[in-house]
Structure formats: C-alpha cells, structure tokens
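# Descriptive structure summary
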Amino acid sequence: MENDGSSTPEVLRVGSLEIRPADGLVVAEGRPLTLSVREFGLLVAMARDSGGIVRRSELYRRVWGRPLRHGDRSIDVYVHKLRVKLEAAVPGTRFIHTHVGFGYRFAPEPAVSPSFHISATGP
C-alpha cells in the first residue's frame with residue numbers, strides 16, 4: 001500500500017526505541033543505530049508483536065521470505081547480533097527474550113545481572 005500523503009508513516013515505539021520501518025531507521029535514546037538488513041527486519045517483525053512470543057519459523061518467514069529449513073541456525077545468529085547492539089545502545093535494558101522451544105519475545109525489561117556461584121565460605 002502506497003502512502004498518498006494523507007496518512008502518517010508507521011512508527012513503532014518500544015521502550016526507548018523508535019522504529020520507522022518505511023525509512024529503515026531505528027533511534028535508541030535519540031541516537032540512530034546501524035543495523036544490517038536482516039537485523040532491521042527481525043527488529044521490526046518482533047516489535048510489531050511486542051510482548052508476544054514469535055516463533056523462530058515465523059520470524060524467518062517474515063524476514064527471509066521463505067520457510068525455515070531444518071537445522072538452519074541463521075536466525076539465532078542474527079538475533080544474537082541484534083541483542084548485542086540493542087544492549088550496547090540502551091545499557092541496563094534487555095529487549096529480546098528467548099523462550100526455549102517457543103521463540104523470541106520482544107519487550108523492554110531491566111537487565112538482570114546473572115547470579116553466579118557465591119561462595120558460602122567467603123573470601
């Protein structure tokens with residue numbers, strides 16, 4: 001559908017991110033992010049379903065335009081790259097959450113430092 005000038009372009013706002021799909025632009029806390037075409041496609045696909053879990057196969061279909069092949073891990077590689085860039089751009093916030101066996105959920109949440117082994121004996 002073409003924009004005839006009477007409607008405003010789509011803008012997705014999730015936390016401190018502003019995503020403009022028609023412009024290929026993502027702004028995080030006032031600063032534009034540099035993303036690859038695949039990273040940007042994944043971000044838009046997840047942001048449109050913000051808060052919901054999107055299956056890997058559905059993300060692949062939306063971004064790559066074809067069915068996910070068995071054993072193909074490329075989506076996981078791109079999600080990882082996107083996650084790293086988002087966390088660097090907005091420290092203290094985690095946007096992409098993995099739901100093993102289901103897919104990914106996109107929602108801004110405070111990043112929690114993992115609690116590793118704490119010695120019971122002290123220093």
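First things first, this report covers the structure right here in the doc. Just so we're clear, the structure is a prediction, and the values are computed from it rather than from any experiment.

### Thoughts on the packing of helix α2 (residues 56-64) against helix α3 (residues 74-89)
- Two elements in contact, α2 and α3, have axes whose closest approach is 10 Å; the angle formed by their N-to-C orientations is 80°. For the element pair α2 / α3, the angle class is roughly perpendicular. Along the contact surface, α2 presents Arg-56, Leu-59, Tyr-60 and Trp-64, while α3 presents Ser-74, Ile-75, Asp-76 and Tyr-78.

### A short note on the packing of helix α1 (residues 37-48) against α2
- Put simply, α1 and α2 touch, their axes get as near as 9 Å, and they point 125° apart. Classed by the angle they form, the pair α1 and α2 counts as oblique. Note on packing geometry: the crossing formed by α1 with α2 is right-handed. Mapping the contact onto sequence places Arg-38, Gly-41, Leu-42, Ala-45 and Met-46 in α1 and Leu-59, Arg-62, Val-63 and Trp-64 in α2.
- Split into classes, the residues belonging to the contact of α1 with α2 amount to six nonpolar, one polar and two charged.

### Observations regarding the side chain of Asp-76
- Along the chain, Asp-76 falls in helix α3.
- The class of Asp-76 is buried, set by a relative accessible area of 16%.
- Contacts of Asp-76, omitting those with residues within four sequence positions, involve Arg-56 and Tyr-104.

### Concerning the side chain of Thr-93
- Position of Thr-93 relative to the elements: it lies in strand β6 (residues 93-99).
- Not counting residues within four places of it along the chain, the set of residues in contact with Thr-93 comprises Glu-87, Pro-108, Glu-109 and Ala-111.

### As for the sheet that holds strand β7 (residues 103-110)
- An order of β5-β7-β6 is seen for the three strands of this open sheet, with the pairing classed as antiparallel. Because the sheet does not close on itself, it has two edges, and the strands there are β5 (53-54) and β6.
- Both β5 and β7 contribute to a ladder of two bridges, which runs antiparallel. When the sheet's bridge partners are listed, Val-54 is paired in β7 with Tyr-104.
- With respect to the sheet, α3 is in contact with β6 and β7, its orientation differing from that of β6 by roughly 160°.

### A word on the pattern of salt bridges
- All chains considered together, the criterion is met by twelve salt bridges.
- Its salt-bridge partner being Lys-85, residue Glu-39 comes within 2.8 Å of it at the nearest N-O pair. Linking Glu-39 in helix α1 with Lys-85 in helix α3, this pair joins segments that are 46 residues apart in sequence.
- In this structure, the salt-bridge partner of Asp-76 is Arg-56, at a minimum N-O distance of 3.0 Å. Here Asp-76, found in helix α3, pairs with Arg-56, found in helix α2; they are 20 residues apart in sequence, far enough to count as distant.
- Here the residues in one salt-bridge network are Asp-49, Glu-58, Arg-61 and Arg-62, joined through shared partners.

Criteria and thresholds
Residues numbered from 1 in each chain as written. Predicted model: local features only at pLDDT ≥ 70, side-chain atom pairs only at ≥ 80, totals over all residues. Heavy atoms only, no water. Axes fitted to C-alpha atoms, helices over the stretch in contact; angles between N-to-C directions. Helix = DSSP H or I, 4+ residues; strand = E, 2+ residues; numbered from the N terminus. Parallel < 35°, antiparallel > 145°, perpendicular 65-115°, else oblique. Contact = heavy atoms within 4.5 Å. Left-handed = near helix turned anticlockwise from the far one by under 90°. Nonpolar A, V, L, I, M, F, W, Y, C, P; charged D, E, K, R; others polar. Buried < 20%, exposed > 50% of the residue type's maximum accessible area, 1.4 Å probe, protein only. Pairing = 2+ DSSP bridges. Salt bridge = Lys/Arg side-chain N within 4 Å of Asp/Glu carboxyl O.

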